[in-house]
Amino acid sequence: MNRKYRKTVIAGNWKMNKTPSETKAFMNEFKTIMPKGRWCDVALCVPAVCIPAAVRAMRETRVGIGAENCNANASGAYTGEIAANMLVDAGCKYVILGHSERRAMGETDAEVNAKVLTALENGLVPILCVGETLEQRETGITNEWITMQIKSGLNGVAEDKIRKMIIAYEPIWAIGTGKTATAEQAAEVCTSIRTTVRHLYGARIARSITIQYGGSMKPGNAAELLAQPDIDGGLIGGAALKPEQFVDIINAANQE
Ligand code: 13P
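Rules used in this analysis
All residue numbers here refer to positions counted from 1 along the written sequence of the relevant chain. In view of the model being predicted, local features appear only for residues whose pLDDT reaches at least 70, and side-chain atom pairs are presented and counted only at 80 or more, with totals across whole chains, interfaces and linings using the full set of residues. Values shown for side chains rest on all heavy atoms present in the structure; no hydrogens or waters enter the calculation. One bridge is not enough; two strands pair if DSSP finds at least two bridges between them. Secondary structure elements are defined from DSSP: runs of H or I of at least 4 residues count as helices, runs of E of at least 2 residues count as strands, and each element is numbered from the N terminus. Only the contacting stretch of a helix is used when fitting its axis, a line to C-alpha atoms as for every element, and angles between N-to-C directions run 0 to 180 degrees. The contact definition used throughout considers only heavy atoms, calling two residues in contact when any of these lie within 4.5 Å. Under the scheme applied here, a residue whose accessible area is under 20% of the maximum for its type counts as buried, over 50% as exposed, and between as partly exposed, the area being computed with a 1.4 Å probe on protein chains only. Place the viewer so that the strands point away; then a crossover is right-handed whenever the path from the first strand over the helix to the second strand goes clockwise. Working definition of a nonpolar core: buried Ala, Val, Leu, Ile, Met, Phe, Trp, Tyr and Cys residues. They are joined through side-chain atoms within 4.5 Å. Proximity is defined per residue: if any heavy atom of the residue lies within 4 Å of a molecule or strand, that residue is considered near it. Whenever a nitrogen or oxygen atom comes within 3.5 Å of another N or O atom, the pair is scored as a polar contact, on the condition that within protein one atom can donate a hydrogen and the other can accept it, and that pairs from neighbouring residues in sequence are kept only if both atoms are in side chains. We get accessible surface area from the Shrake-Rupley algorithm with a probe of 1.4 Å; when it comes to residues, only the shown protein chains can shield them. Three residue categories are used. Nonpolar comprises Ala, Val, Leu, Ile, Met, Phe, Trp, Tyr, Cys and Pro, charged comprises Asp, Glu, Lys and Arg, and polar comprises the others, including Gly. Expected helix span is given by 1.5 Å per residue-to-residue step, counting one fewer step than there are residues. Pairing of aromatic rings covers Phe, Tyr and Trp, the last through its six-membered ring, and needs centres within 6.5 Å; plane angles under 30 degrees mean stacked, over 60 mean edge-to-face, and all others mean tilted. In this scheme, Lys NZ or Arg CZ marks a charge over a ring once it lies within 6 Å of the ring centre and within 35 degrees of the ring normal.

Considering the sheet that holds strand E1 (residues 9–13)
Then comes step 1: Spatially, E1-E2-E3-E4-E5-E6-E7-E8 is the arrangement adopted by the eight strands of the closed barrel, whose pairing is parallel. On average, each strand axis in the sheet is tilted by 25° relative to the strand beside it, whichever way the strands run.
Then comes step 2: Inspection of the sheet shows E1 paired to strand E8 (residues 233–236) by four bridges, in the parallel sense. Following the sheet pairing, valine 9 is matched in E8 by glycine 233.
Then comes step 3: Contacting strand E5 (125–130) and strand E6 (166–169), helix H7 (residues 142–153) runs over the sheet at an angle of about 150° to E5.

Below is the structure:
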């Protein structure tokens, strides 16, 4: 983290977990144990049907609610899809885009890029996810792969908009596996992402952009990961489903 130059953001990604009623129960418990400090921003990205319950429960708090995807089009004949302006109207602040689980369902870099542009136009904060497979890591092409994902994800994003974005580095082999990247591995890629942003947008913007790590982040390893200067927060799956674990991670981010 480097609080002098950029925001620390701890975000949960609930994936396909919890019903609206369970959302309400989680938020009520979370609110009672939530740290009062103002060090880091906190976000919870939830299934679309849980957004109204989450927004209602967290209205008086500083926790921002987000979605896990949106469609790149403004409106129209896209059965089952949700447009960015609908998310905004429902009270969302954030949207996760290009998560590896969605890319595995066929989402392409070009689609992710189109979604990033639409989300920004609508005033959402996109959390752009990038990450390599174990095979890519073992072949030694991690940095090239991530650089390519960043360049295509940010294609056409204007300088005044990039400042609002968050980039999340999520090595696919560390997601939901209990296998965390070592702090050193995570830091190396996050630093390389910042270098790519510097080449694209210059030093000032690179210094101010929030880069998260995601992949089995939990109370036991959060502090070490967040101590890395280029890791400005976490995108948390499993541990964000339990209020006390999520709070422990926020507390780790709130340490000096
Ligand atoms: P886990 O924290 O469950 O490994 O999930 C990480 C993730 O995919 C967050 O987007």
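Points about the pairing of E1
Then comes step 1: Taking burial as the measure, the five residues of E1 include five buried ones, the bulk of the element.
Then comes step 2: The alternating pattern of E1 places Val9, Ala11 and Asn13 and Ile10 and Gly12 on opposite faces, both of which are buried.
Then comes step 3: Across five bridges, the pairing between E1 and strand E2 (residues 41–45) is parallel. Each bridged residue has a counterpart across the sheet, and for alanine 11 the counterpart in E2 is alanine 43.
Then comes step 4: Regarding the hand of the β-α-β motif, the stretch spanning E1, helix H1 (residues 20–33) and E2 is right-handed.

Observations regarding the environment of glycine 64
Then comes step 1: The topology assignment puts glycine 64 in strand E3 (residues 64–67).
Then comes step 2: By relative accessible area, which is 10% here, glycine 64 ends up buried.
Then comes step 3: Separated by 27 residues in sequence, glycine 64 and glycine 91 place their C-alpha atoms 8.8 Å apart.
Then comes step 4: Beyond its immediate sequence surroundings of up to four residues, glycine 64 is in contact with Val42, Ala43, Leu44 and Tyr94.

Quick look at the nonpolar core
Then comes step 1: Met27, Phe30, Leu44, Ile65 and Ile193 are the most contacted members of the largest nonpolar core, which has 70 residues in total.
Then comes step 2: In terms of residue count, the dominant contributor to this core is helix H9 (residues 183–201) (seven residues).
Then comes step 3: Those residues in contact with leucine 44 that lie beyond four places of it in its chain are Gly12, Trp14, Phe26, Met27, Phe30, Val63, Gly64, Ile65, Gly66, Ala240 and Phe246.
Then comes step 4: In this structure, Val9, Ala11, Ile127 and Ile166 belong to the second largest nonpolar core, which totals twelve residues.

Brief notes about the site of the ligand
Then comes step 1: Neighbouring the ligand are the residues Asn13, Lys15, His99, Glu170, Ala174, Ile175, Gly176, Gly215, Ser216, Leu235, Gly237 and Gly238.
Then comes step 2: At a separation of 2.8 Å, an oxygen atom of the ligand approaches a polar side-chain atom of lysine 15.
Then comes step 3: Between the ligand and glycine 237 there is a distance of 2.9 Å, counted from an oxygen atom to a backbone nitrogen or oxygen.
Then comes step 4: For the ligand, the protein covers 94% of the area, taking 310 Å² as the surface of the free molecule.
Then comes step 5: Its residues assigned to classes, the shell around the ligand shows three nonpolar, seven polar and two charged.

What about H9?
Then comes step 1: An ideal rise of 1.5 Å per residue puts 27 Å on 19 residues; H9 measures up with 26 Å between its terminal C-alpha atoms.
Then comes step 2: Considered for burial, the residues of H9 that qualify are Ala183, Ala186, Ala187, Val189, Cys190, Ser192, Ile193, Arg194, Thr196, Val197 and Tyr201.

Considerations on unusual backbone geometry
Then comes step 1: Positive phi values are uncommon outside glycine, yet lysine 15 reaches one of about 55°.
Then comes step 2: With respect to the helices, strands and loops of the structure, lysine 15 is situated in the loop between E1 and H1.
Then comes step 3: Even without a glycine there, the phi angle at serine 216 is positive, about 55°.
Then comes step 4: Classification of serine 216 by relative accessible area gives buried; the value is 15%.

A closer look at the packing of aromatic side chains
Then comes step 1: Enumeration over the complete set of coordinates arrives at four aromatic pairs.
Then comes step 2: Between tryptophan 14 and phenylalanine 26, the ring centres sit 4.9 Å apart and the planes meet at 80°, which makes this aromatic pair edge-to-face. With tryptophan 14 in the loop between E1 and H1 and phenylalanine 26 in helix H1, the pair connects residues that are twelve residues apart, well separated along the chain. Considered together, tryptophan 14 and phenylalanine 26 belong to a single accessibility category, that of buried residues.
Then comes step 3: With 5.7 Å between their ring centres and 40° between their planes, phenylalanine 26 and phenylalanine 30 make a pair best called tilted. One end of the pair, phenylalanine 26, and the other, phenylalanine 30, are both in helix H1, four residues apart, so they sit about a helical turn from each other.
Then comes step 4: Joined through ring pairs, the aromatic side chains of Trp14, Phe26, Phe30 and Phe246 make up one cluster.
Then comes step 5: One residue, lysine 18, lies across the ring of tryptophan 14, its end atom 5.5 Å from the ring centre.

Overview of the side chain of asparagine 113
Then comes step 1: Relative to the elements of secondary structure, asparagine 113 occurs in helix H5 (residues 109–121).
Then comes step 2: Exposure remark for asparagine 113: the relative accessible area of 10% places this residue in the buried category.
Then comes step 3: Leave out the neighbours within four places in its chain, and asparagine 113 touches Ser152, Gly153, Leu154 and Asn155.

Geometry only, nothing functional implied.
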